[in-house]
Amino acid sequence: MTETSWTQKLANGLKRTSSKLTDNLGGLLGSDRLDKATLDDVEDALIASDLGPTTAARIRDRLTDARFDRGVDEKAVRVVMADEIAKVLGPVAKPLRIDAFPRPQVILVIGVNGSGKTTTIAKLAHLFLEQDYGVMLAAGDTFRAAAIGQLKVWAERLGVPIVTGPEGGDAAGVVFDAVKQATATGIDVLIVDTAGRLQNKRELMDELAKVRRVLGRLNPAAPHDVVLVLDATTGQNALSQIEIFKEVAGVTGLVMTKLDGSARGGVLVAAAEKFGLPIHAVGVGETIDDLRPFDANELARAIAGVTN
Ligand SMILES: Nc1nc2c(ncn2[C@@H]2O[C@H](COP(=O)(O)OP(=O)(O)OP(=O)(O)O)[C@@H](O)[C@H]2O)c(=O)[nH]1
């Protein structure tokens, strides 16, 4: 996909988020000037748009400093917002790099069921294939036959090898076999699906701990990445998921999906502000091309609704 069409896709995908921001700011953008009461309302509106309190306060400060004596210029307000959002996203925008030695680099992908985990694994595999890396998938979510089946379909479509086990089988066993096969066949990246049963935190924690132990036996540096997939439509709930998965799985980075289906894309900024974890990529659609590492400025402009 060309850069222009991706920028366009990002802007389109984030339309609901940027429109919500505009709706929440309501008539404020049309006021004659920004007095204290109006600025208070702006700050509240930004928080209601999921942006996070620190970013909201910083945008307010910038708007306070700006001189709006001659009426509030909507474009100028949007540019200030984009600018402040970019400052938060800039330091955390970090694409996944394949630099593990010895190979393979093992990426554990975690997240609650329905967050877009399987689709994200396929999209990541596609990105790595585009960069000429050898990719293998491992169906470590042995809890549900559907999850195994879905991943198999993606592996076939992408033309990459996949290691699976029986439904209800031992996830750590699948991962063990996968690492052995990946090492033997010179695979660069092994992407591992995992179960997303947050309902039973203890069980999930035990299972992930076992997967880690087994991986560590084969390669002390593995897993190299533990990527948490978050669904933007869950809004602030995404923040509590980060908290829980950090505790149970030692998250090293995030992918935010479904930014296109949500008016709550601002939560990406709140997540960056609160946790400072690397954000590897964002998803703005259901097709294989709809996930990309992002440019902080570009994404900030899309969230703030700055056009051209
Ligand atoms: N609009 C949109 N839909 C997405 C995106 N990513 C995933 N989806 C859709 O979200 C749904 C759930 O995605 P899955 O990849 O199956 O999610 P999962 O976490 O593996 O879910 P389970 O298989 O139920 O555990 C599917 O219909 C995907 O097509 C995205 O970025 N945008």
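Residues numbered from 1 in each chain as written. Predicted model: local features only at pLDDT ≥ 70, side-chain atom pairs only at ≥ 80, totals over all residues.

1. Focus on the overall build of the protein chain
Part 1: Across its full length, the protein chain carries 12 helices and 8 strands.
Part 2: The C-alpha radius of gyration computed for the protein chain amounts to 21 Å, which stays within 12% of the reference 19 Å derived for 308 residues, consistent with globular compactness.
Part 3: The C-alpha extent of the protein chain, read off along each of the three principal axes, is 70 × 40 × 30 Å.
Part 4: Looking at the protein chain as a whole, 50% of its 308 residues are labelled buried.
Part 5: Considering only residue pairs separated by 6 or more positions, the protein chain has 76% of its internal contacts joining residues 24 or more positions apart. (Helix = DSSP H or I, 4+ residues; strand = E, 2+ residues; numbered from the N terminus. Rg over C-alpha atoms; globule rule 2.2 N^0.38 Å. Buried ≥ 20, exposed ≤ 12 C-beta atoms within 10 Å, placed from the backbone. Contact = placed C-beta atoms within 7 Å.)

2. Concerning the nonpolar core
Part 1: Counting residues in hydrophobic clusters, the biggest one holds 98 residues, and the most contacted among them are Met136, Leu137, Leu190 and Ile191.
Part 2: The leading source of residues in this core is helix α5 (residues 74-89), at 8 residues.
Part 3: Non-local contacts of Met136, meaning those with residues more than four positions away in its chain, are made with Val160, Pro161, Ile162, Val163, Ala178, Ala182, Ile187 and Leu190. (Core = buried A, V, L, I, M, F, W, Y, C linked by C-beta atoms within 7 Å.)

3. Let's talk about helix α11 (residues 267-275)
Part 1: Most of α11 sits out of view: 7 of its 9 residues are buried.
Part 2: Along α11, the residues that are buried comprise Val267, Leu268, Val269, Ala270, Ala271, Ala272 and Glu273.
Part 3: The elements touched by buried residues of α11 are α4 (53-65), α5, α10 (237-249), β6 (253-257), β7 (279-283) and α12 (296-304).
Part 4: Downstream of α11 by a residue or two, Gly276 has a phi angle that is positive, lying close to 60 degrees.

4. Remarks on the UniProt feature "domain: SRP54-type proteins GTP-binding" (unreviewed entry) in the protein chain
Part 1: Feature annotation in UniProt places "domain: SRP54-type proteins GTP-binding" (unreviewed entry) on residues 104-305, given in this structure's numbering.
Part 2: As annotated, residues 104-305 comprises 45% helix and 19% strand, and the C-alpha atoms at either end are separated by 40 Å. (UniProt positions renumbered as here; feature names shortened; annotations may be inferred.)

5. Some points on the site of the ligand
Part 1: Among the 20 residues in the neighbourhood of the ligand, the closest are listed as Gly116, Lys117, Thr118, Thr119 and Gly283.
Part 2: Of all elements in the fold, only α6 (117-130) and α7 (145-158) reach the threshold of two or more residues within the shell around the ligand.
Part 3: The leading source of residues in the shell around the ligand is α6, at 3 residues.
Part 4: Taken together, the residues of the shell around the ligand break down into 2 nonpolar, 13 polar and 5 charged. (Near = placed C-beta within 6 Å. Nonpolar A, V, L, I, M, F, W, Y, C, P; charged D, E, K, R; others polar.)

6. A word on the sheet that holds β6
Where strands meet in a sheet, backbone hydrogen bonds hold them as pairs that are either parallel or antiparallel.
Part 1: Strand order in the open sheet formed by 8 strands is β3-β2-β4-β1-β5-β6-β7-β8, with mixed pairing between adjacent strands. Strands at the two margins of the open sheet, each flanked by one partner only, are β3 (162-163) and β8 (291-292). (Pairing = 2+ DSSP bridges.)

7. Things to note about the environment of Pro104
Part 1: Tracing the backbone shows Pro104 in the loop between α5 and β1 (105-110).
Part 2: Exposure remark for Pro104: the 26 C-beta atoms within 10 Å place this residue in the buried category.
Part 3: Sequence-distant contacts of Pro104, that is, excluding residues within four places in its chain, are made with Ala182, Thr183, Ile187, Asp188, Val189 and Leu190.

8. Digging into unusual backbone geometry
Part 1: Put simply, Arg103 and Pro104 share a cis peptide bond, and its omega is 0 degrees.
Part 2: In the segment running from Ala222 into Pro223, the intervening peptide bond is cis, with an omega of -5 degrees.
Part 3: Residue placement: Pro223 occurs in the loop between α9 (201-218) and β5 (225-231).
Part 4: Its identity as a non-glycine residue notwithstanding, Lys258 has a phi of 55 degrees, on the positive side.
Part 5: Along the chain, Lys258 falls in the loop between β6 and α11.

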